[in-house]
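Fold and contact review
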Amino acid sequence: MRITTNQMYTTANAHMLQNQKNLAAVQVQLTSGKKLQSLADDPVAGNKIITLQREIERYTVMNMSIDTANTQLNSEEEALSSLTNLTDRLQEISISLGNVTFSDSVHEDFAIEMTELVDMGQSLFNYQDTKGEYLFAGAQGGKPAYELEAGRWVFKGDGENRHVKVSTTFNVQVSDSGQDIFEIESPLIPRDNILNQTLDMINDIRALDMSIPADAATFEVRREAYMGKVSNMQDSMRHSISNLGARMVNLDAVKESNANFKMNLSKALSDVQDLDYAKASSDLAKTQTALEASYASFAKIQGMSLFNYIK
Amino acid sequence: MSLLTLGSNALNANQRALANVGSNIANVNSEGYSRKVTSMSEQGTALSGVKVDVKRMTSNFMVTQLWKDQSALSMDQAMADKIGDLDMIMGSSSNNISTRIDDFFKAANMVSSDPMSVSSRQLFLSQSVNMAEKFNNIDDQISNQNEVVFSEIKNVMHGINELANGIAHLNAQIASPKSEGQSGFEALDERDRLVQELSSLIGINVVTNAKGDYSVFVGQGQPLVIGFSAGTMSVQHGSEDPNKPKILLESGNNFRVDITDKVNGGQLSGILEYRNNILAPARNQMGRLATVFANTMNDQQRSGLDLNGQMGMDLFNKMNSGSVKISTENSATSSSGAMSFYDVSKLTASDYSMRMGSFDGMGNPTFEVTRNYDGKVFKSSTMTSVSSLPPGDTKGLSQDNVFDVTGDTIKFSIDGFTASVKTSTYIKGDRFLLQPTSGAAGLIKSTLSRPDQIAAASPLRTSEGSSNTGSAKISSIKVNNTADSSPLRSGTATLPVQIVVHGPNAFGDDLITLNGPLGPIMSNVIYVEGDVVSVDGYEFTIDGDIVIGDVYDIVKNVDGKSDNKNALMMIDLQIEKTADGKSYQDAYTTTLAWVGTSAQESQLNHRTSKATLSTSKSSLESVRGVNLDEEAALLVKFQHAYSAAAQLISAQQAIFNSLLSAMR
């Protein structure tokens, strides 16, 4: 084929431009640290990146929910362990009340302490977290779980318990309604709570005259029944606290498995999107050499002309 | 023939040859220059001297190939450039809708795990605003591309018209007697150059007639240049879709032809293909996603109860209508159209073309609708008329393939939307363009203003009778009617409801009766564990062991501020397949993948056609281009011949002088 002067320049030019373009592409990869600069570079990988980022984000969100759930469970645990201490004290008192040598004035001291404990107990039944939500009111956390009606503490919430989504497949329960854990019933005892039961006991302490044998006998029967109620409450608290513990252990396990998933996904993401610097560096050297070669050959070609020889 | 004559003849000949060498050297860098080759031969009779012929080196075959390849390259290049722009818009991380959706659901998660927290609710509101704005933003950028397309096409049209005029003018110049021979070479080169430039703008077919005129045809044989006269091309807004450019050609007969669908090559074709096959569908797909997102979120928000105990209000504006565009070429004097959706999950990202047909045997108008992206045709003759739906049908027009003609209005339902077209007269051939989703991404707005309006709670709560002996519980209570007229929203739902298990009936089935405050609202329903019971716009299931005598209560969720059941259902929407069988984010990544693949494909095509053009360019160049070394050799050759011819004259002079001195 006949080669024209123009073709020699055009070819040299085209090669230089192409090599420059290749060099620029490697340079962008190196400065951004990313393999792909646009979807067109590799649509499949581009899609994978977005999907992986989304999956990773979901685990981040799950972990946030786990943290919130933990905070809520911790608040509840705090309230329940205070209630356990309170109930333990009620048990001590109920045992002490069985001591026949105690005078009415000693009994009155107990009555006063029990009144205090009821007051403390209602504040725990109406426990609020930092933003004012009543923890034990079921779905109705905007208002107190318990209200005093005709001298008795009445549950005003409902039996709803809140669940929070903490993994793609697992919802954890983060609240316990007072209806489930405070309103206790057993085959012999009608459904009621320890506050009212204690109030009844206080009434008995004050109303019954221990010097009258019949009253003393009634008192003993009621005291024993009350001890049973206190022990039921203790059982319920222990049971609820161990439930809370189990949920927190579960949360830790979910968090750990989420972290594992997230780590695997992050690694997969890095494999798809992050630049292989060793390869990019050698690409850089290669394209640089190619560009230099096209410069050198251009310099040679442009110096060649018959006109130089026919002076 | 004397030496003198021979000498001067040879001098002239070599001078011309030298002039051609000079011209070749001078034009070594001229685009489209065809080198001139001087050939010499003996004059007819003996000793009559030399005859000079100048040839313009070119190849008609190669030139035609070059034009064709140039059209292909310019088309692929325009396409690759344009899709590259869209790739940049859609692929940029700041425009990533997927991350916005993540942020949105992150906030929804926060609301669900702490429904009374005002800050979580506030964040959820801001994220819904951000989400809507991101959709608006992308739609804005995509629709700006429409304007760019128009202005680029106008530029292309301007170029085509100038070049067509130039070619017609050169046709005239070349045909004139003055241009015969070598003096016409320049005009021929110039005309080829103009044609090549034209071929980069639009695909052409060039026919050379006996006189040497070029006739240039575009599209499928529409004449742009015939002889000495050139046509004019122009662009207009489409008669149905104003965003779709309409390409017109006006030839000598003053008749304008629509050649939009016939253009096949060059920059124009690349731009048109990009606008119609990439840009418009991409915009529709984003619109569909925004529509589905807004509708499904609104439905869920309307299924819940807000912090004030009110049923939830729409989170986004109602995205419940596409648009119906009436062709400006219709014969009917006045028409109007409207659209609504009955099932957004069925919406496609396509536009639809509706065409009126003739009247059927019963005197009713017929029509057909084409789904543009795959060409599927829906004919009125294969749809069911509302009047012939089976008795007891409650859906009416809110189902696929149903139509209704009442007076001057046609309504029909396909793919999740119902279109309604009202026209003064039914005239065969009249057209309407139905766009369910185009531009919808630009319309989505977040409409809630206060954090307490987020409906995180379920409107109902349930409990089991305290003396139940069975272990069953009411599960999955769900609102299934979110219309304003629904019993729950309008306040006509009977509540509280107590469900009593009784029976068994004669067949041993358990029965349930739903009692309201004023008596039963549903009686003696045979119940098997897991059955879904639907009442007053909500539904529920009793799961577990049911025992005769057990009761279950459903009450209004008054003060249910800590409840998050509706928020949990909102979260689940992130992975639900709501958009034509895909989740929101999967639908989005599918769009991205499609844009990316189209961009990649167009780049590949561009690379191929570039290589093809460069091959045909170098083949032609090898025939017509100048090689300076070759010219240097010719220069020396003709210089020597010129000197020799001069010697002839000088010899003649010497002879003559000798003769004179001999006579002296």
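Regarding the overall build of chain A
Each helix and strand in chain A was counted, giving seven helices and six strands. Taken over C-alpha atoms, the radius of gyration comes to 40 Å for chain A, far larger than the 19 Å a tight globule of 311 residues would show. Reported as C-alpha extents along the three principal axes, the dimensions of chain A are approximately 145 × 30 × 30 Å. Relative to its 311 residues, chain A shows a buried fraction of 42%. Sequence-distant contacts, at least 24 apart, represent 67% of the contacts inside chain A between residues at least 6 apart. Here chain A carries 28 positive and 41 negative side-chain charges, and the mean point of each set is 20 Å from the other.

Some remarks on the packing of aromatic side chains
Residues and elements named next belong to chain B. Considering all chains together, one arrives at 20 aromatic pairs over all chains under this definition. Ring centres 5.2 Å apart and planes at 35° place the aromatic pair Phe367 and Phe412 in the tilted group. You can see Phe367 sitting in strand 13 (residues 365-371) and its partner Phe412 sitting in strand 17 (residues 409-414), a full 45 residues away along the chain. Look at Phe367 and you get buried, because its relative accessible area is 3%. Classification of Phe412 by relative accessible area gives buried; the value is 0%. Here Arg191 stacks its cationic end above the ring of Tyr214, 3.6 Å away from the centre of that ring.

Digging into the environment of Ser175 of chain A
Residue and element names in this part refer to chain A. Structurally, the position occupied by Ser175 is in the loop between strand 4 (171-173) and helix 4 (178-181). Each C-alpha atom of the pair Ser175 and Asn196 lies 23 Å from the other, and the pair is 21 residues apart in sequence. Ignoring any residue separated from it by four or fewer positions in sequence, one finds Ser175 in contact with Glu76, Leu135, Glu160, Asn161 and Arg162. Polar contacts involving the side chain of Ser175 include one to the main-chain amide nitrogen of Arg162, which spans 2.9 Å.

Observations regarding the confidence of the model for chain B
For chain B, per-residue confidence averages 92 on the pLDDT scale, and 99% of positions sit at 70 or higher. Reported confidences for the modelled complex are a pTM of 0.88 and an ipTM of 0.85.

Re helix 1 (residues 5-32) of chain A
The end-to-end C-alpha separation of helix 1 of chain A is 41 Å, in line with the 40 Å expected for 28 residues at 1.5 Å each. Residues of helix 1 of chain A that are buried: Thr5, Asn6, Gln7, Ala12, Met16, Asn19, Leu23, Val26 and Gln29 of chain A. If you follow the buried residues of helix 1 of chain A, they end up packed against helix 7 (277-302) of chain A together with helix 9 (584-624) and helix 10 (628-663) of chain B. Immediately downstream of helix 1 of chain A, the backbone of Gly33 of chain A shows phi near 75°, a positive value.

Section: the interface of chain A and chain B
The partner chain B presents 59 residues to the 45 residues of chain A that form the contact. Across the chain A/chain B interface, buried area totals approximately 4,400 Å², and carbon plus sulfur atoms make up 54% of it. It is Arg2, Leu39 and Arg54 of chain A that lose the most area in chain A upon contact with chain B, and together they represent 15% of the buried surface on that side. A salt bridge links Arg54 of chain A to Asp586 of chain B; the nearest nitrogen and oxygen atoms lie 2.7 Å apart. Across the chain A-chain B interface, the total number found is 30 residue pairs in polar contact (both at pLDDT 80 or more). Elements with a contribution of two residues or more to the side of chain A that touches chain B: helix 1, helix 2 (43-96) and strand 3 (163-165) of chain A. Broken down by element, the side of chain A that touches chain B gets its largest block of residues, 13 residues, from helix 2 of chain A.

Considering the sheet that holds strand 20 (residues 460-464) of chain B
Residue and element names in this part refer to chain B. Across the sheet, which stays open at both edges, the five strands sit in the order 20-27-22-23-24 with antiparallel pairing between neighbours. Two strands bound the open sheet, and with one partner strand each, they are strand 20 and strand 24 (519-526). Neighbour to neighbour, the strand axes of the sheet diverge by 20° on average, direction disregarded. As paired strands, strand 22 (residues 497-502) and strand 27 (residues 551-556) are joined by four bridges and run antiparallel to one another. Within strand 27, the residue paired with Gln498 across the bridge is Asp553.

Here's the deal with empty space enclosed by the protein
On inspection of all chains with the given rule, the structure shows six cavities of 30 Å³ or more. Roughly 150 Å³ of internal volume is contained in the largest cavity. Lining the largest cavity we find 18 residues, and of these Glu133, Leu135, Arg162 and Ser175 of chain A together with Ser562 of chain B sit closest to its centre. Of the residues belonging to the lining of the largest cavity, the class tally is five nonpolar, five polar and eight charged. Considered as a void within the structure, the second largest cavity measures approximately 110 Å³ in volume. Around the second largest cavity sit 13 residues that line it, and Arg58 and Met62 of chain A together with Asn109, Ile571 and Gln574 of chain B are the ones nearest its centre. Mapped by element, the contributors of at least two residues to the lining of the second largest cavity are helix 2 of chain A together with helix 3 (97-113) and helix 8 (565-572) of chain B.

Some words on the pattern of salt bridges
According to the stated counting rule, one finds 51 salt bridges over all chains in the structure shown. The closest approach of N and O atoms between Asp176 of chain A and Arg247 of chain A, which form a salt bridge, is 3.0 Å. Of this pair, Asp176 of chain A sits in the loop between strand 4 and helix 4 while Arg247 of chain A sits in helix 6 (residues 213-273); the two residues are 71 residues apart in sequence, bridging distant segments of the chain. For Asp192 of chain B, the salt bridge identified is with Arg56 of chain B, shortest N-O distance 3.3 Å. Of this pair, Asp192 of chain B sits in helix 5 (residues 185-201) while Arg56 of chain B sits in strand 2 (residues 50-56); the two residues are 136 residues apart in sequence, bridging distant segments of the chain. The buried category is assigned to Asp192 of chain B, whose relative accessible area is 7%. Judged by its relative accessible area of 16%, Arg56 of chain B falls in the buried class. Within this structure, Asp129, Lys131, Glu133 and Arg162 of chain A together with Asp114 of chain B form a network of salt bridges that share partners.

Some thoughts on the pairing of strand 17 of chain B
Residue and element names in this part refer to chain B. Counting buried residues in strand 17 gives five out of six residues, a clear majority hidden from the surface. Where strand 16 (residues 402-406) and strand 17 come together, five bridges link them in antiparallel fashion. Paired with Val402 across the bridge in strand 17 is Ser413. When strand 17 meets strand 18 (residues 417-423), the two strands line up antiparallel, connected through six bridges. Within strand 18, the position partnered with Ile414 by the bridge is Phe417. Hairpin connection of strand 17 to strand 18: two residues between the antiparallel strands, including Asp415 at a positive phi of 45°.

Regarding the environment of Asp88 of chain A
Relative to the helices and strands, Asp88 of chain A is located in helix 2. C-alpha of Asp88 of chain A to C-alpha of Val230 of chain A: the two residues are 142 residues apart in sequence and 8.2 Å apart in space.

Conventions we followed
- Residues numbered from 1 in each chain as written.
- Chains lettered and ligands numbered in written order.
- Predicted model: local features only at pLDDT ≥ 70, side-chain atom pairs only at ≥ 80, totals over all residues.
- Heavy atoms only, no water.
- Helix = DSSP H or I, 4+ residues; strand = E, 2+ residues; numbered from the N terminus.
- Rg over C-alpha atoms; globule rule 2.2 N^0.38 Å.
- Buried < 20%, exposed > 50% of the residue type's maximum accessible area, 1.4 Å probe, protein only.
- Contact = heavy atoms within 4.5 Å.
- Lys, Arg positive; Asp, Glu negative; His and termini not counted.
- Charge placed at Lys NZ, Arg CZ, Asp CG, Glu CD.
- Phe/Tyr/Trp six-rings, centres within 6.5 Å; stacked < 30°, edge-to-face > 60°.
- Lys NZ or Arg CZ within 6 Å of the ring centre and 35° of its normal.
- Polar contact = N/O pair within 3.5 Å; in protein donor to acceptor, adjacent residues only side chain to side chain.
- pLDDT = per-residue confidence, 0-100.
- Expected span 1.5 Å × (residues − 1).
- Buried area = accessible area lost by both parts, 1.4 Å probe.
- Salt bridge = Lys/Arg side-chain N within 4 Å of Asp/Glu carboxyl O.
- Pairing = 2+ DSSP bridges.
- Axes fitted to C-alpha atoms, helices over the stretch in contact; angles between N-to-C directions.
- 1 Å grid on protein atoms, 1.4 Å probe; cavity = no way out; pocket = protein on both sides within 12 Å on 5 of 7 lines; lining within 4 Å.
- Points joined across faces, edges and corners; volume = space filled by probe spheres on them.
- Nonpolar A, V, L, I, M, F, W, Y, C, P; charged D, E, K, R; others polar.

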